[in-house]
Every structure is written in C-alpha cells, then in structure tokens.
There are 2 protein chains.
Amino acid sequence: MGGSKDAKGGRSKAKAGDDKARGSTNERIVSMAEAVVKQIEAADNPSLDVPLRTLSNVEFNTKKRIIELGSSRASRPFFDLGNAKRFMQTMLMSSELLKLQEQQKTASIRDMFYHCKHTIEGAKEETFNDQSESDPVIEDIEVSIGALREELRVFANPAGAMVGPMTIRDTGDEITLNRMGSGGWAVPSIVEPHVIQFLQCKAKFILLIEKAAIWMRFNEDRFWEKHKCMIVHGGGQPPRGVRRLCHRMVNELKLPIYVLVDNDPWGYYIYSVVKQGSINLAYESMRMAIPSARFIGMSSYDAAEFNISPSVFLRLNDKDIQRAKEIRNYPWFAARPWQREINHMLKLGVKLELEALSNKDFSFIADTYVPQKLKKKKWLD
Amino acid sequence: MGGSKDAKGGRSKAKAGDDKARGSTNERIVSMAEAVVKQIEAADNPSLDVPLRTLSNVEFNTKKRIIELGSSRASRPFFDLGNAKRFMQTMLMSSELLKLQEQQKTASIRDMFYHCKHTIEGAKEETFNDQSESDPVIEDIEVSIGALREELRVFANPAGAMVGPMTIRDTGDEITLNRMGSGGWAVPSIVEPHVIQFLQCKAKFILLIEKAAIWMRFNEDRFWEKHKCMIVHGGGQPPRGVRRLCHRMVNELKLPIYVLVDNDPWGYYIYSVVKQGSINLAYESMRMAIPSARFIGMSSYDAAEFNISPSVFLRLNDKDIQRAKEIRNYPWFAARPWQREINHMLKLGVKLELEALSNKDFSFIADTYVPQKLKKKKWLD
C-alpha cells in the first residue's frame, strides 16, 4: 500500500534498494528469463528446469521435523508438444509477475489468471482456459526461483484475526494489537517483512485457535491480557497469511506457539500442517512450517480428564475413521504419544468440538481448560 | 468484553440501567417466561405464541422496500405431543440466554447448542439432538420477543473487514479505521450500540465489496482516502455483523451505500439480501435491511461499456440460468431496469467476475471502473 504512490513507476523507477526481498525476487525472475534468452541466442531448444512437486519427490525430514521437497527436477523444453503450452504460460506469467513487482502492487491468484488470459494472436487458442491452469504455473515459478508466493506479491483469500500485547507496523500504520476491540486486526494475506514489521512485543506465547467463534470467547474474556499472549485464528484451516505470520513471530520473536483445535482427525491435520507443512506445498515448508508448534488440545483424553458429559460427544462417522487411520500412518504422527492419542480417539469412537466445553460453562475453555493444560504442560509435540 | 469484569455478577448485579437495549432484552425474556408461569398458576395448558416464519407468512413491503414477516402466529401448547419437546426446548434456551445476558457474555449459536444439550433427568431423551434443533429455537425466541440475535448476545461466525476515514469505539478501545494497515479492522459478529460506537466519521459513502481479495485491491490503492469512503467486505455473502454494521452506519451516519458484486445471479442475490433482507430471516429486516442500497456493479452491460475482452467471460451454466430466472421473478426485482439487467445477462449467456477487470490492469477496478460508475451515477436501485 505504501508503495502505491510509485505504482506507475515502471522498472527503471522501482527502488530495488529499499526492499531487499523484493529486489531479489525481481532479480530471480529476470535471471530465469535471461537463461531462456541465452538458450535461444545459442539456437538451443529453450527449456525450463522445474523442481518436481509430486508425492514421490516429497519427504519428511525427521531431523528438522518438516515436510521437504526432494531434489528431482523436470525439464520443460519449448520444442515439445507436451510442454510447449506450459512453457509459454510460464514465460507469460513470469513477465506479468515482474510487472507486479515493478508496480509494487499485490494481486490475488484469481487476478493473475484473468490478467494473463487472452486469445493468442493469430490463433483461437487461449493463453489460459481456467484458473486450474494458472495456479500450478505460479507454483512452478515460486519453486523455480525459490520465492514464496507472497514474495511474488500474489495471494489467496485472507482470513483470520489477531489481538494481544504487541505493536506492529502494517504498511506504515502503527497498530497496537491490545486495543483492537472485539473485532481484532484482520490478518492480511501478505505478511512479509516489507509489509508487516514487529515493533514491540510483550507476549510470552501465541495461542492459535482453529475457530473464529472460539477466538471471540478468548478475546471477550481478555485471555491475552491475563496470560500475556497473542491470540490468533484462521477461520478453520489457517490460511497462508496466518501461518506465515505465526512462523515469523516464532522465529523472529522466539515465541512458543500452542495450537487449539477440535478433537477430530481434521483438527489433528490442521495442527500437522501448521507444524510441518503440507504435502502439496512441501517446497515452502522452510518459510511456513513451525516445527516447535505444540498441540494443546483437544485431546481424546480430555473427556475423562475434564469430566465432560457424554451428551456432547459426537460419534465418529466413516469418513472420520478413515481419515484418522490415514493420519495415523503419516510419518510425522509416528511418535508413541501421537499413536496413543489417535488410537484412543478411535477406541472411544467419538470426537469432541471446542464448543462442547460450553456445556460446563461459557468461559470454561478460557478460564479453566487452556490455563490448566498450560500449567500442567499437557500438550503433544 | 468490557463487561467481563462483572461476569460472575448474576442477575442481582447486572446493571440494567447501563445498557438500554440489553436491559430490555432481559426484561422481554423474563416477561415471556412470566406469561407461561401465569398460565401454569391458572392451571391452563401453558402455551407459547410464536410468529410464523414460513414462506406463506412473508411479504415484500413495496413501500418500505423490505421483506417483512406477516401477522400469522402459531400456538405451541405444552400438553400436545407434537409441541411438548419444542416447548421445553424454548423454555430451556430462554433460561440459558438469560444467563448469558446476566453474565454479560456472548456465545456462538453452536455454543448455545452444546450449552443446552444434556440428557433429561430420568429419561434417555436428550434436550437437543443436534444444532438443527437449537437454531430454530433461538429464532423462535428472537422473533417472539422482537430482539435481534445479536441483542440476545448470540452470534454466528464472523467474517469481513473495514477501513476508511472513521473512528469507532469497540468495547472500550478507540480504533482509527484509516490507520489499519493492509489487514484492516476485522468486523465482529456483534456490532450493537453497546459494543460499537461511532465517534467520528469523515466518510461520504460506504462501498460494500463482495470479495476479500477485491477489497484488498481497494485498500492497497487507498481508494478510501482518495474518495473519502469506508470500504468493507464480508468475504462472500456478507455475514450478519457486516450487514448490521452497514445498516447502523447508513441510518445513524446518513451514508449512502454502494454494493459491488460479481455479475452473476449470486451477486444479484447478495445485493438483494443487503437491500431488503432475506426470506428466511424476514423478521429481522427492519434491523438489517438497507432499502437505500445501490447496486454499483458489475452489470451485464459493463462488458460492452468498458470494452472488456470476451476472453474473460464465463459461460452461464444451467444452475446460473435457473437461479437467474428465479431471481427475475422476485417482486423486489420487478422494476424495469432490473428486468432489463437480468434478461440482458441471460441473453448474453455469460457472467463476469470482479477479478475479470484485472485483465485490463490490476488497478482498473479501483482507478477507473468504480470512479466512473459513481461519477456517471450508473447504478441500479
């Protein structure tokens, strides 16, 4: 936003110096293009070398505890019937992404699709037919030049909110996150250092909450004030902005993070994506995954521990059971405490939602449940 | 949130005087209960009289231009096999809602379900089996006592964000909405006057944008600064918090509001719900609907008007066509300009997304499209 004044600046005016990350993203796009130009000048078949984003090229790094991309690469030669269109799309998208950098603007992945879509001159063929073609091309470029989508200034839909004892600067505006009322600060899609700077932080930890409605309970009860912490939610599966922001806070501010989700396979999965990244986007784990994240709940042992009425149990359905069994086989859930946790849920045959704790008292979750878990260090790693 | 200090206060401590709306919600729940007690003391069959929320009891008030509930009511006697359970549920829910008022807390509708769910003493029957039973009971109570869900301190999931030249107070915190960075202020679910107060407003109008990603474009380009307006989005179909907040701003601050949606039947529908309310929730139109809302776009005439490339047209599918025909028959779309608009979309056979304007330029929508529409007063009422 701060950059919009220079919007019409073009390449010559873009101040590469004032933003290291942006400058280098620019440079990396340009050098990818220059390599192709060289091949053409040498009368070679121009070709792009793209790291493979297939399951076979993904591995769980047990030492770093993140999901990583392997070293396999695919060659995409231009003079090849199966690759020519994708080659053209990659070049077109790269050139439009470069314009975005130069104009210092951001755009959604849907914007990029429409922005690049046109009929190829002299043909009836479209550059892109739908977004399912353009999204993978953006991912190709991300992984080829080793930049996060957000560094390319491209985003998906934002979601989520945050409050707590911390002051940030967001595109020039100083925002005091403990004075954000009931709504909170909406977490944007792009939270890279050139957009968001951390000015002052008195928080001792981060509580990442699966659901907006539960976050509202913690905000209303001013949990963040009593426990000196940041509370953040992502409206379900946390979007990239929330994950990246938490990643930065954990790494730059050295804060522990606790993840609070429903007790069901989908809750376990949300936690695992926050912690070690996802299979689909393994190439960005280094910048997104938070291996130190702790699973604070809900656990399948909570019903007994907190004497929760069976009235609020929900029976696991076939899909839940199938998903739980899949998750149990993921290498990042191989540790004994996790096998115990998942097997115990399957044995009980029930799941528990965060809202189920309201059965005891509206504020039980914020006044008793989480504080007790934190005090007794009852979490899974 | 400000009230949470009194959380344990109980009925005797709840300060009815400090909040007129809350006090009267309390009183209305109590008087509904007292009427039942009187019937019991008179040895009558206790019965609740609930306004009917069926399609047959909904009408479009062409003068006020809102969808209203008619005057039909249903009687729910306790000594009646078909009504006994619903009667019990209504009494139970009312009593728990009263506790919420007394504790000055808020809760989600899912919280309320869990909070009220238990096995009935001496029976195997549950008070509520699932949320599809408790939600209509909350609606019964809303309509019976003439209070919005938000006045009962109950909410659904929040969504949406707002920025612009305005200062508000949200649960005690003063928030300057033109200094909210790229994220913005997250619009909470409950925006009643006891939560949100408008302190200062320099905005001349409100632009309500369907999609978060498009809102980010307007925010990045500081549209709200150039055009002295509030920009707000609801992440798709605007949730109740966003609708109610806009309603309050339009009525209390006398601001015009413009609605910007995709050009498809779902966009028309979003606009119509903002403008005259929905059939389902006709009883709350008075507090939620904004009859003065204007449809600023996208219109089926825009493609020609703005010379938009056919490359970015999307063909209407069968569902779109069916929905467009349904919408065309709604009395609130009966006016000639609307018939023309819908018929023209059907004739072209295509829809247009807001992002399609990116095909011209990333900022075309904020720099050219909306400003030109506003200047030429090209909107539908």
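This paragraph deals with the pairing of strand β9 (residues 173-176) of chain A. Residues and elements named next belong to chain A. Of the two faces of β9, the one lined by Asp173 and Ile175 is fully buried and the one lined by Glu174 and Thr176 carries no buried residue. Examined bridge by bridge, strand β8 (residues 166-170) and β9 share 4 bridges and lie antiparallel to one another. Note on β9: the bridge partner recorded for isoleucine 168 is isoleucine 175. Hairpin connection, β8 to β9: the antiparallel pair is bridged by 2 residues, and threonine 171 has positive phi, about 45°.

This brings us to the confidence of the model for chain A. Residue and element names in this part refer to chain A. Scored by pLDDT, chain A has a mean of 91; 94% of the residues are at 70 or more. Contacts of residues 1-22 to residues separated by more than four positions or lying in other chains number 27 contacts, the stretch itself having pLDDT below 50. Two numbers describe this predicted complex: its pTM, 0.90, and its ipTM, 0.88.

This next bit is on the nonpolar core. One broad rule of soluble globular proteins: the nonpolar side chains tend to lie buried together. With 228 residues, the main nonpolar core has A:Trp185, A:Leu207, A:Phe218, B:Trp185, B:Leu207 and B:Phe218 as its most contacted residues. Leave out the neighbours within four places in its chain, and B:Phe218 touches B:Leu207, B:Ile209, B:Phe223, B:Trp224, B:Ile231, B:Leu260, B:Ile365, B:Ala366 and B:Val370.

With that out of the way, let us pick up the interface of chain A and chain B. Contacts between the two partners involve 62 residues from chain A, matched on the other side by 62 residues from chain B. Together chain A and chain B conceal approximately 5300 Å² of surface at their shared face, both sides included; 52% is due to carbon and sulfur atoms. Contributing elements (two or more residues each) for the side of chain A that touches chain B: α3 (84-102), β5 (107-108), α4 (109-116), β9, β10 (185-186) and α6 (212-220) of chain A. When residues of the side of chain A that touches chain B are assigned to their parent elements, the largest contribution, 6 residues, is made by α6(A). Broken down by class, the residue content of the side of chain A that touches chain B amounts to 22 nonpolar, 21 polar and 19 charged.

Moving on, we get to the environment of B:Met162. Residue and element names in this part refer to chain B. Here methionine 162 shows up in strand β7 (residues 161-163). The spacing of methionine 162 and glycine 183 is 21 residues in sequence and 8.8 Å in space, taken between C-alpha atoms. Once residues within four sequence positions are removed from consideration, methionine 162 is found in contact with Leu177, Gly184, Trp185, Val187, Trp215, Met230, Ile231, Val232, Leu245 and Met249.

Another point: helix α4 (residues 109-116) of chain B. Where burial is concerned, most of α4(B) is hidden: 7 out of the 8 residues are buried. Among all positions in α4(B), only B:Ile109, B:Asp111, B:Met112, B:Phe113, B:Tyr114, B:His115 and B:Cys116 are buried. Where α4(B) is buried, its residues contact β16 (314-315) of chain A together with α3 (84-103), β5 (107-108), α5 (131-145) and β6 (154-155) of chain B.

Let us now look at a positive patch on the surface. On the surface, A:Arg336, A:Arg340, A:Lys375, A:Lys376 and A:Lys378 cluster together into a patch of positive charge. Among the secondary structure elements, A:Arg340 is positioned in helix α13 (residues 336-348).

Here we come to the packing of α3(B) against α4(B). All names here are of chain B. Running from amino to carboxyl end, α3 crosses α4 at an angle of 115°, the nearest separation of the two axes being 10 Å. Every pair of crossing elements has a handedness; the one defined by α3 and α4 is right-handed. Here Leu92, Met93, Glu96, Leu97 and Leu100 of α3 come into contact with α4, specifically with Met112, His115 and Cys116. Residues of the contact of α3 with α4, tallied by class, amount to 6 nonpolar, 1 polar and 1 charged.

Here we take up the packing of aromatic side chains. All chains considered together, the criterion is met by 32 aromatic pairs over all chains. Taken together, a centroid distance of 6.1 Å and an interplanar angle of 85° make the contact between B:Phe306 and B:Phe364 edge-to-face. A residue pair is termed long-range when its members are at least 10 positions apart, and B:Phe306 in the loop between α11 (302-305) and β16 (314-315) and B:Phe364 in helix α14 (residues 364-375) qualify at 58 residues. The positively charged end of A:Arg323 is found above the aromatic ring belonging to A:Tyr269, 4.8 Å away from the centroid. Just above the ring of A:Phe364 sits the side chain of A:Lys360; from NZ or CZ to the centre is 5.5 Å.

Calculation rules
Residues numbered from 1 in each chain as written. Chains lettered and ligands numbered in written order. Predicted model: local features only at pLDDT ≥ 70, side-chain atom pairs only at ≥ 80, totals over all residues. Heavy atoms only, no water. Buried < 20%, exposed > 50% of the residue type's maximum accessible area, 1.4 Å probe, protein only. Helix = DSSP H or I, 4+ residues; strand = E, 2+ residues; numbered from the N terminus. Pairing = 2+ DSSP bridges. pLDDT = per-residue confidence, 0-100. Contact = heavy atoms within 4.5 Å. Core = buried A, V, L, I, M, F, W, Y, C linked by side-chain atoms within 4.5 Å. Buried area = accessible area lost by both parts, 1.4 Å probe. Nonpolar A, V, L, I, M, F, W, Y, C, P; charged D, E, K, R; others polar. Patch = residues over 30% accessible without salt bridge, like charges linked within 9 Å, V, L, I, M, F, W, Y side chains within 5 Å. Areas by Shrake-Rupley, 256 points an atom, 1.4 Å probe, with all protein chains shown as cover. Salt bridge = Lys/Arg side-chain N within 4 Å of Asp/Glu carboxyl O. Lys, Arg positive; Asp, Glu negative; His and termini not counted. Charge placed at Lys NZ, Arg CZ, Asp CG, Glu CD. Axes fitted to C-alpha atoms, helices over the stretch in contact; angles between N-to-C directions. Left-handed = near helix turned anticlockwise from the far one by under 90°. Phe/Tyr/Trp six-rings, centres within 6.5 Å; stacked < 30°, edge-to-face > 60°. Lys NZ or Arg CZ within 6 Å of the ring centre and 35° of its normal.

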